[in-house]
Amino acid sequence: MFVKKIVLLFKNSIKWRINTSQPTFKSLVWTAIKAVFCFLCGVIFITVVLVRDNNEKIIRDIEKMVLLKEFSGADECKTFQCFGKSFCNLEATIQLNSSKVVAGKDVFTIWGNLTSRYRVVKKVKVNLPLLHSCGDQECTVKLSQNTFSSANYRSWICRKFMKKDDCNHLKMLREWPAMKSLLSKTAGRLPVDILRGISPPLQCATQRMADRVLRRLGTKGSINLKDYTYGEKAELLFTSKLSPSTVIQTMFPPREGWPLEAVYGSCGLVTFHGGGYVTSLYDVYHAPWKVRLDVAVQFLNIAHYFTENELNYMILLHRMRPEDIGLSESGRLRIQNTDNLVVVDQADESTGFFSEPYEVPFHKHKLKLNEDNICRYNVTDINYYSVCRHFLGGSWKYSSGEILKGGLLHHPVEEQSHFANEMYVLLDICIRGRLALPKDTPPSTKGIRSIAAAKLRKLLMKKRTCQPQFRYRYPECQYEQKLHYGIYNLPDFELKWLGG
């Protein structure tokens, strides 16, 4: 509009001069100067408008919704919409079972089938932002686009960032210091302090860890920010803030042997994970002894592997709850909620690790751990303590308030036997540490929990059966009897390519 007025004014000026008097050379030069000036003003104005409109378009992409049922074309999936790997370039259909819905702290979880353009069907679980509190009642989800309206989306973002429902989410995203800091960097590597400040599982992030995040979550396989676009950097940051579970599952994918769920992709507010567990840990509590014993061995495998592995990444389990864990169809133990994990880089000496190993002090009622110091130790017994106390022993509490006592190792088949006595002694040492040892034990004894956990695992392995029921390690375990070789006694992670 402004440009039209300038052009009209210029035309009228020319007409007026032609009609009123014979133009002189001086007047023509003056008119030409004003015309050039007006032209430059118009160019500057148009440039400003286009830049502003482009920035507003980027922000508007945040508010675009995508239908839950189908993803074809997926033009709605833009800068901030996709968590982790994107479904934007896929044609896929999701069919959900709305009768099976679980409401967690921040998300609804719905199970269903995902069909790709090649008609490949995968069982998945779909995480959706928890938009309304359900209280103590069982939540239900109505599968309609209205569920994911712009108002609900804005409210959800505000709660995740500002802990309230009425913030200006567009202004908040523009002014978010982490976003401004990352997007202002056009070269170099992903800043460590950004990850530490926005993603609880990455609170101990190092540069090596940041490089791994950028390689795995990014689409370029590069650790240099110059190789990533504005939208890709913003998407990575948005993912780290709103879906830290996706970041961990992408850093340590199940195809490499990690007992986590796969991330198939996301679009809009919907994030697709692997089928996850079919049996919850609460259900395993009531399972036969041979099943509970097998799961206990898997827990001890995880505690060891998450403490010592070839990648030198220690993954801490001290925040894990029974509802975060379950069994897959093949019987393999899976961690489905990785928001509660913490990753420590054991290989980065620049963090100034304490020279002494950290042994968790035992307290009768609850775990007392100074989390400000967990990033300062690259050797600790936190995982052994957490697994033994909270999963193999201890008490679990249902959301209904029911208490399940004794953990997975309650009431072994051989209740009154040398095996049961030895099992309970080792479990007690794994829980209480040096407090469970005789008073005349030398105080210099280190790593007593890891020793007890290793002995307990070896003891339980002797009682573990090789049956088709345990698909994730069958029939490989039969080689134990045929070849008298240690395949059966290898950790489950050594069998990661063989099943489950």
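Here, the structure is the one placed above.
Rules of the game
- Residues numbered from 1 in each chain as written.
- Predicted model: local features only at pLDDT ≥ 70, side-chain atom pairs only at ≥ 80, totals over all residues.
- Heavy atoms only, no water.
- Helix = DSSP H or I, 4+ residues; strand = E, 2+ residues; numbered from the N terminus.
- Buried < 20%, exposed > 50% of the residue type's maximum accessible area, 1.4 Å probe, protein only.
- Axes fitted to C-alpha atoms, helices over the stretch in contact; angles between N-to-C directions.
- Parallel < 35°, antiparallel > 145°, perpendicular 65-115°, else oblique.
- Contact = heavy atoms within 4.5 Å.
- Nonpolar A, V, L, I, M, F, W, Y, C, P; charged D, E, K, R; others polar.
- Phe/Tyr/Trp six-rings, centres within 6.5 Å; stacked < 30°, edge-to-face > 60°.
- Lys NZ or Arg CZ within 6 Å of the ring centre and 35° of its normal.
- 1 Å grid on protein atoms, 1.4 Å probe; cavity = no way out; pocket = protein on both sides within 12 Å on 5 of 7 lines; lining within 4 Å.
- Points joined across faces, edges and corners; volume = space filled by probe spheres on them.
- Pairing = 2+ DSSP bridges.
- Disulfide = S-S within 2.5 Å.
- Expected span 1.5 Å × (residues − 1).
- Left-handed = near helix turned anticlockwise from the far one by under 90°.
- Salt bridge = Lys/Arg side-chain N within 4 Å of Asp/Glu carboxyl O.

A.B. asks: What exactly am I supposed to notice about unusual backbone geometry here?
C.D. replies: For residues besides glycine, phi is generally negative; the peptide bonds are generally trans as well. With omega at 10°, the peptide bond leading from Y474 into P475 counts as cis. Within the secondary structure, P475 is located in the loop between α14 (448-461) and α15 (479-483). Even without a glycine there, the phi angle at N312 is positive, about 60°. Within the fold, N312 resides in the loop between α11 (289-305) and β8 (313-316).

A.B. asks: Got a minute to help me understand helix α9 (residues 244-251) in this structure?
C.D. replies: Quick reminder: α-helices carry 3.6 residues per turn. Residues three or four places apart thus point the same way. Among the eight residues in α9, eight count as buried, and that is most of the element. Among the residues making up α9, those that are buried are P244, S245, T246, V247, I248, Q249, T250 and M251.

A.B. asks: What is the right way to look at the packing of helix α7 (residues 207-217) against α9 in this model?
C.D. replies: Direction vectors running N to C along α7 and α9 enclose 90°, while the axes themselves pass 9 Å from each other. With respect to each other, α7 and α9 are oriented roughly perpendicular. The residues of α9 that touch α7, namely those facing M209, R212, V213, R216 and L217, are V247, T250 and M251. Residues of the contact of α7 with α9, tallied by class, amount to five nonpolar, one polar and two charged.

A.B. asks: Help me understand the packing of aromatic side chains, please; the structure alone is not making it clear to me.
C.D. replies: Each aromatic ring pair is specified by the distance between its two centres and by the angle formed by the two planes. The full count for this structure, using the stated rule, is nine aromatic pairs. Three or more aromatic residues joined by ring pairs make a cluster, and in this case those are F252, W258, Y305, F306 and Y313. Positioned above the aromatic ring of Y313 is the side chain of R208, whose terminal nitrogen or guanidinium carbon lies 4.2 Å from the ring centre. Above the ring of F470, the side-chain terminus of R473 is found at 4.7 Å from the ring centroid.

A.B. asks: What is the right way to look at empty space enclosed by the protein in this model?
C.D. replies: It is a probe the size of a water molecule, rolled over the atoms, that shows where empty space is left. A full pass over the atoms with the stated rule returns six cavities of 30 Å³ or more. Its volume calculated, the second largest cavity comes out at about 50 Å³. Lining the second largest cavity we find F299, I302, L317, M320, I325, L333, I335, V387 and F391. Those elements giving two or more residues to the lining of the second largest cavity turn out to be α11, β10 (333-335) and α12 (382-392).

A.B. asks: What am I meant to see in the sheet that holds strand β9 (residues 325-327) here?
C.D. replies: Pairing between the strands of a sheet is mediated by backbone hydrogen bonds and can be parallel or antiparallel. The strand order β7-β9-β10 describes an open sheet built from three strands, whose pairing is antiparallel. If you trace the sheet from one side to the other, it starts and ends with β7 (279-280) and β10, each paired once. Relative to β10, β9 runs antiparallel, the two being bridged by three bridges. Of the residues in β10, the one forming a bridge with G326 is R334. Relative to the sheet, α11 contacts β9 and β10, its axis offset from that of β10 by approximately 50°.

A.B. asks: Honestly, the state of the cysteines in this entry has me stumped. Any pointers?
C.D. replies: In a disulfide, the sulfur atoms of two cysteines are held together by a covalent bond. Applying the stated criterion to the full structure yields four disulfides. For C158, the disulfide goes to C167, at an S-S distance of 2.0 Å. The disulfide joining C158 to C167 has a torsion of about -100° about its S-S bond and is therefore left-handed. Across this residue pair, the class does not change: C158 and C167 are buried.

A.B. asks: What's the story with helix α8 (residues 230-242) in this structure? I'm lost.
C.D. replies: Helix length check: α8, at 13 residues, gives a terminal C-alpha distance of 18 Å against a target of 18 Å (1.5 Å per residue), a fit within 8%. The buried fraction of α8 amounts to 10 of the 13 residues, a majority that puts the element mostly inside the structure. All of the buried residues along α8 are G231, K233, A234, E235, L236, L237, F238, T239, S240 and L242.

A.B. asks: Where do I start with the pairing of strand β3 (residues 107-115) in this structure?
C.D. replies: A regular strand carries its side chains on alternate faces of the sheet. With respect to burial, β3 is a largely interior element, seven of its nine residues being buried. Two strands pair when backbone bridges link them, and β3 and strand β4 (residues 121-129) are joined in this way by nine bridges, in the antiparallel orientation. Among the inter-strand pairings, T115 is bridged to a residue of β4, identified as V121.

A.B. asks: Sorry, what's going on with the packing of α12 against helix α13 (residues 418-432) here?
C.D. replies: One way to put it is that α12 packs onto α13 with a least axis distance of 7 Å and a crossing angle of 120°. When the axes of α12 and α13 are compared, the pair comes out oblique. Crossing of α12 over α13 shows left-handed handedness. Side by side, α12 and α13 meet where Y384, Y385, C388, R389 and L392 of the first sit next to L427, C430 and I431 of the second. Of the residues in the contact of α12 with α13, the class split is seven nonpolar, no polar and one charged.

A.B. asks: Sorry if this is basic, but what is going on with the pattern of salt bridges here?
C.D. replies: Side chains carrying opposite charge are able to pair once their charged atoms draw close together. Per the stated rule, a full pass over the model turns up 14 salt bridges. The shortest N-O distance in the salt bridge between R208 and D345 comes to 2.7 Å. Here D345 lies in strand β11 (residues 342-345) and R208 lies in helix α7, a separation of 137 residues in the sequence. On the accessibility criterion, R208 (32% relative accessible area) is partly exposed. Look at D345 and you get buried, because its relative accessible area is 1%. Measuring nitrogen to oxygen at the nearest pair gives 3.9 Å for the salt bridge that ties R321 to E323. Taking the relative accessible area as the measure of exposure, E323 reaches 34% and is therefore partly exposed. Through salt bridges that share partners, R212, R216 and E256 make up one connected network.

By themselves, these are just geometric observations and shouldn't be taken as functional.
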